[in-house]
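Architecture at a glance
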Amino acid sequence: MTTNNRSKRGRSFWLIVVVAMQLLFLTGIVLYHYSALWVGKEIRLETAPVDPRDQLYGDYVQLNYKINNADWSKWKAEGRKAERGDNVYVLLQESGASGLYEMQGVYRSKPSHDADEAVLKGRVQYVTDETIRIHYGFEQYYVSENTGKSLEERARSGDLVVDVKAAPWGSAAIERIEP
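Position labels on residues start from 1 in each chain and follow its written sequence. A pLDDT threshold of at least 70 governs which residues receive local features in this predicted model, and a stricter bar of 80 or more applies before side-chain atom pairs are shown or counted, although totals over entire chains, interfaces and linings include all residues. Heavy atoms throughout the structure, all of them, feed into the side-chain values; hydrogens and water do not.

Quick notes on the overall build of the chain
Check the secondary structure of the chain and you find two helices and twelve strands. The secondary structure listing takes helices from DSSP runs of H or I that are at least 4 residues long and strands from runs of E that are at least 2 residues long, numbered from the N terminus. Counting from the amino terminus, helix and strand elements in the chain follow one another as α-β-β-β-β-β-β-β-β-β-β-α-β-β. Contacts are assigned to residue pairs with any non-hydrogen atoms lying within 4.5 Å of each other. Of the contacts made within the chain by residues no fewer than 6 positions apart, 65% connect residues no fewer than 24 positions apart. For every accessible area listed, the method is Shrake-Rupley and the probe measures 1.4 Å; residues are considered covered only by the protein chains on display. As displayed, the chain offers around 11200 Å² of accessible surface, 54% of which is attributable to carbon and sulfur atoms.

As structure tokens, then:
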């Protein structure tokens with residue numbers, strides 16, 4: 001009888017350990033995404049017009065940034081060129097009085113940077129002979145009901161600025177949109 005009780009206690013212990021590990025894993029995922037808002041550096045990005053066929057779906061606005069497209073002259077890595085699906089790091093630098101950040105270079109690994117610079121991690125969506133299309137993960141912004149149309153029009157006209165928090169490891173999240 002004592003052997004049976006010990007095996008039940010042993011199974012209960014391992015069940016608790018497995019459940020605790022799963023909870024810790026899920027908590028880690030949530031903390032990773034929110035940590036950019038807590039410890040990230042605030043950068044301002046200028047939006048670019050979006051193709052009108054894919055601007056608004058439900059309650060979110062599809063955003064396009066000038067830093068989504070990089071000329072090959074910005075590619076700073078040696079060896080093979082970037083290909084679809086590659087992770088890349090984009091070095092941004094604040095440009096003067098406007099406070100907007102502009103692309104300085106695209107790298108295969110995270111580059112060192114100064115205090116007035118930020119690094120965003122992105123994934124190559126596709127490449128052409130002229131450009132690299134990079135997806136950062138904050139191209140969609142969820143909005144309140146019936147407010148997307150005005151944001152959509154401002155984004156199309158290039159009259160929209162997005163404040164993003166960029167964590168030191170390259171993760172980023174939208175903090176707010178300013179018309």
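Now, onward.
Observations regarding the nonpolar core
The nonpolar core is taken to be a set of buried Ala, Val, Leu, Ile, Met, Phe, Trp, Tyr and Cys residues, with the residues joined through side-chain atoms within 4.5 Å. We call a residue buried when its accessible area falls under 20% of the maximum for its residue type, exposed when it is over 50%, and partly exposed in between, using a 1.4 Å probe and counting protein chains only. In terms of nonpolar packing, the biggest core is built from 33 residues, with Ile-43, Leu-45, Leu-63 and Leu-92 touching the most fellow members. Looking at this core, the elements with two or more residues in it are β1 (41-48), β6 (87-94), β7 (101-107), β8 (117-127), β9 (131-135), α2 (148-157), β11 (161-166) and β12 (172-178).

Some details on the pattern of salt bridges
Here, a salt bridge means any side-chain nitrogen of Lys or Arg that lies within 4 Å of a carboxyl oxygen of Asp or Glu. Applying the stated criterion to the full structure yields five salt bridges. A salt bridge links Asp-86 to Arg-80, with the shortest nitrogen-to-oxygen separation between them at 3.0 Å. In this structure, the salt-bridge partner of Arg-176 is Asp-163, at a minimum N-O distance of 3.0 Å. One end of the pair, Arg-176, is in strand β12; the other, Asp-163, is in strand β11, and 13 residues separate them in sequence. Exposure remark for Asp-163: the relative accessible area of 0% places this residue in the buried category. Within the structure, one salt-bridge network assembled from shared partners comprises Arg-80, Glu-83, Asp-86 and Arg-108.

Brief notes about the pairing of β11
Side-chain positions along a regular strand alternate between the two faces of the sheet. Of all six residues in β11, six are buried, a share of seventy percent or more. Hairpin geometry of β11 and β12 is characterised by an intervening segment of five residues between the two adjacent antiparallel strands and by a positive phi of about 105 degrees at Gly-170. DSSP calls a pair of strands paired once it identifies at least 2 bridges connecting them.

A closer look at the packing of aromatic side chains
Between 30 and 60 degrees the pair is tilted, below 30 it is stacked and above 60 it is edge-to-face, where a pair is any two Phe, Tyr or Trp rings, Trp via its six-membered ring, whose centres lie within 6.5 Å. All chains considered together, the criterion is met by four aromatic pairs. Their ring planes at 25 degrees and their centres at 5.7 Å tell us that Tyr-136 and Phe-138 sit as a pair that is stacked. The two residues Tyr-136 and Phe-138 agree in class, both being buried. Each residue in the set Tyr-65, Tyr-136 and Phe-138 is aromatic and connected to the rest through ring pairs, giving one cluster. Across from the ring centre of Trp-72, 4.6 Å away, lies the NZ or CZ of Lys-81, which sits over that ring. Here, a charge over a ring is recorded when the distance from Lys NZ or Arg CZ to the ring centre is within 6 Å and its angle to the ring normal is within 35 degrees.

Quick notes on the sheet that holds β7
The sheet built from five strands is open, its strands ordered β5-β9-β8-β6-β7 with antiparallel pairing. Looking at the sheet topology across the chains shown, the edges are occupied by β5 (69-71) and β7. Each strand of the sheet is rotated relative to its neighbour by a mean of 45 degrees, with strand direction disregarded. As paired elements, β6 and β7 share six bridges and run antiparallel to each other. Bridge pairing in β7 places Val-90 opposite Val-106. A fitted line through C-alpha atoms represents every axis, and for helices the fit uses only the stretch in contact; the resulting angles, taken between N-to-C directions, go from 0 to 180 degrees.

Any functional reading would require information beyond the geometric quantities listed.
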